[in-house]
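Breakdown of the fold
Listed below are the residues making up each chain.
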Amino acid sequence: MTDPTTSAVRTEHVWKTFHQEAEEIHAVRDVTIEIARGEFTALAGPSGSGKTTLLNVIGGLTRPSRGQVWVAGRNLTEMSNPELARLRLGQVGFVFQAYNLLPVLTAMENAEFPMLLQGIDPDERAARVGELFKRIGLDGMEGRRPRKLSGGQQQRVAVVRSVASKPALVLADEPTANLDSAASDALLDVMRELNEDLGITFVFATHDTRVMERCRRLVRMVDGAIESDKVRS
Amino acid sequence: MEHLGVLVTLAFRNLRRQLRRTILTASAMVIGGGTLMFSLSLGDGTHEEWIDSGVRMGSGHVAIEHPRFRSGRKLEDRLPAAARDAVEAVLRSPAVAAQVTTASAKLTVTGMASSAAGARPARIMAVDPVAEAAFGTIDDQTVEGRYLEPDDRLAAYVGVTLAEALGLRLDSRLVLTAQDAQKEIAGQLVRVVGIYRSGVPEIDQSLIHMPLATAGEWLGSGEDVTNIGVLVADSAAVSGLVRTLRAELRDPIAEGEAAVIGWREAMPELAAAVAIDDFGNYLVYGILFVIIGFGIVNTVLMSVMHRHREFGVLQALGLTPGQTGAVVLFEGLSLTAVSAVIGIALGAFLTWYFFGDGLDFSGMMGEEMTFSGVVIDPVIIPLFRPSRFAQSITFILFIGTVASIYPAIRAARIDVTESMKFDR
């Protein structure tokens, strides 16, 4: 393995254990993985295989029970909650299965929210979001609230939100689960373009074959552990 | 700063999202704030009325007298003419005169009033008729005859109960007997020029007003007085005036010759009544706002519970736990602040509306009530004090902050991954 500070993501012997009454449930078991900058990677596996939990650990949304996690060269296990929040703000973008747009904000405001928190200039924010909206087919929908958008449109807003602040890493949890095949394909096309154009690292947790087919690297998980890790040529 | 702006925007939009709940809670707070402001004004008006009635019947908002006079009420414990002149000079000085409404010098002794029908103990108050007419209210309570006039010499203005007890009518003669300046018993014949009814039994049965110059000759006290009463426009200014007078009189009057005391010290029963009434009012306000506080907790906490997922998303996007709590705190505070301003404006409007004619409580308490020598007017005029604005807003914001802290902590401490599993 390389120096952990040079890769986009690196985990070493990560375990995540939940306690349910007297029982211990190991959602992630001894996972050691390294994802290089600019990779387009899928974590695949059936429900309960631990892919979402691993994604949450990598994103600093939950702490591992054991092991070490580095994101963009920083060791998450040594960071406080506010430090993790700042790391997420600066380095990590999220796309969730349920879109998770803020209902009181417009599409434009949702998309620029992380940049607003970063203190980026309003003109710069508007330019970046405007360009991405055009590119992703959301032109003209800037002023709409999430409930006035279709599922596919909401997910595209979520994708713009995740990439507009130019993070090092985007973690997407089942981003196509609520979309029809056409919308899924369009969304994946855009994500692939952003990966190639901007060099953003994408990691998907998915069991959608369309996502798996488009990823260069496929990591299969079963019962919290990595079963296989294949890179397509 | 923009950071703060987005948190405030989120807070306001979330309040608007749950409009019905927000309006219900805000309405409770508006009514509470209005009630608080109006009640404070009404309480201040009531107390000012009590104090005004008490100090006009008694020794003024501020009394300047010999330090021993209050304990013994003896003629020997009086202010010499030179001290009286010094006090009056200070009261005329521009710095003090601006604070003083009016002042009256008095010579008060305890003695007997006798007529052909018998004798009764009496409190004889010798006054300058013009100054006392401006100072007290007793001159307006004449039921027969008139009040004292500047040219009167052997005149007496007596209470209706004392007049009945001594069989006195207008122009009746009576003899006043008291210890004079040489500690000898001295008598003075006077004629009744007026009979009054103050409504306070202890005053109507004992207090006699007579001219100060006549009393000076009768008692051999010359132009000496036992006390000088001072009135101010607002009782809230008393402590400042007491400090000023103490400082101003330090040089012209010898130490131990005069004391400056405020009405609280001069009339402790009245001060206690005001304090007890204030305590009762504050207790009611406290209970009212605890109930309203629970309303705010309920509104903000319900909002937090319904938005677990959103708070999870906010933290996933990079908001720190502290900033997440701040969003909730802003919601509670903005709801409180807007409601407080509207409520207090409502209270101020009610105060203004009733400022002219006041609120008539005579249906509940009869025409007049008295306690501790104070006549309570059944018509209460609310008193507007700007400081009550600041106090009310501070109090309501404090309640709003306290009530929002728990929901804010709940929002700050959410488990991000669990909250995003939360489905609604």
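Presented here is an overview of the structure given in this document. Just so we're clear, the structure is a prediction, and the values are computed from it rather than from any experiment. All chains use their own residue numbering, which begins from 1 and follows the written sequence. Here every chain gets a letter starting at A, and every ligand a number starting at 1, in the order they are written. pLDDT decides what is reported in this predicted model: residues at 70 or higher carry local features, side-chain atom pairs at 80 or more are listed and counted, and totals for whole chains, interfaces and linings draw on all residues regardless.

1. A look at helix α3 (residues 107–118) of chain A
Residues and elements named next belong to chain A. Worth spelling out the cut-off: Exposed residues have 12 or fewer other C-beta atoms within 10 Å of their own C-beta, buried residues have 20 or more, and partly exposed residues fall in between, where C-beta atoms are placed from the backbone. Numbered from the N terminus, helices here are DSSP runs of H or I no shorter than four residues, and strands are runs of E no shorter than two.
In terms of residue burial, α3 counts as a mostly covered element, since ten of its twelve residues are buried. Looking at α3, one finds that the buried residues are A107, M108, E109, N110, A111, E112, F113, P114, M115 and L117. G119 sits one or two residues past α3 and shows a positive phi near 80°.

2. A closer look at the sheet that holds strand β8 (residues 201–206) of chain A
Residues and elements named next belong to chain A. Heads up, the condition is: Strand pairing follows a simple DSSP-based rule, namely that at least 2 bridges must link the two strands. As a rule, the C-alpha atoms of each element are fitted with a line to give its axis, helices using only the stretch in contact, and angles between N-to-C directions run from 0 to 180 degrees.
What the six strands build is an open sheet, ordered β6-β7-β8-β3-β9-β10; its pairing is mixed. This sheet does not close on itself; its edge strands, each paired only once, are β6 (92–95) and β10 (225–231). On average, each strand axis in the sheet is tilted by 15° relative to the strand beside it, whichever way the strands run. Bridge count for strand β9 (residues 217–222) against β10 is six bridges, and the pairing is antiparallel.

3. What to know about the sheet that holds strand β4 (residues 66–71) of chain A
Residue and element names in this part refer to chain A. Ordered by their spatial adjacency, four strands build an open sheet running β2-β1-β4-β5, and the pairing between neighbours is antiparallel. Two strands bound the open sheet, and with one partner strand each, they are β2 (23–35) and β5 (74–75). As paired elements, β4 and β5 share two bridges and run antiparallel to each other. The residue bridging V71 from the neighbouring strand is R74, located in β5.

4. Focus: the pairing of β9 of chain A
Side-chain direction in a regular strand flips from residue to residue, so the side chains alternate between the two faces of the sheet. By the bridge criterion, four bridges tie strand β3 (residues 40–44) of chain A to β9 of chain A in an arrangement that is parallel. Looking across to β9 of chain A, one finds that A44 of chain A is bridged to R220 of chain A.

5. Re the nonpolar core
What counts here: To form a nonpolar core, buried Ala, Val, Leu, Ile, Met, Phe, Trp, Tyr and Cys residues must be joined through C-beta atoms within 7 Å. Here, residues touch in the contact sense if the C-beta positions derived from the backbone fall within 7 Å of one another.
In terms of nonpolar packing, the biggest core is built from 114 residues, with L43, I58, V160, L171, V203 and F204 of chain A touching the most fellow members. By residue number, the principal contributor to this core is helix α14 (residues 321–353) of chain B, which donates ten residues. When sequence neighbours within four positions are dropped, the list of residues in contact with V160 of chain A reads A111, V129, L132, F133 and I136 of chain A. Core analysis: the next-biggest nonpolar cluster, separate from the first, contains 69 residues, L75, Y157, V225 and L231 of chain B among them.

6. Comments concerning the packing of α14 of chain B against helix α16 (residues 386–412) of chain B
Between two packed helices, what matters for the description is the angle formed by their axes and the separation of those axes. Residue and element names in this part refer to chain B. Cut-off, in case you're wondering: Roughly parallel means an angle under 35 degrees; roughly antiparallel means over 145; roughly perpendicular covers 65 to 115; every other angle is labelled oblique. Crossings are assigned a handedness: left-handed for a near helix turned anticlockwise from the far helix by less than a right angle, right-handed for a clockwise turn.
One can describe the packing of α14 onto α16 by two numbers: an axis separation of 8 Å at closest approach and a directional angle of 150°. With respect to α16, the axis of α14 lies roughly antiparallel. By crossing handedness, the relation of α14 to α16 is classed as right-handed.

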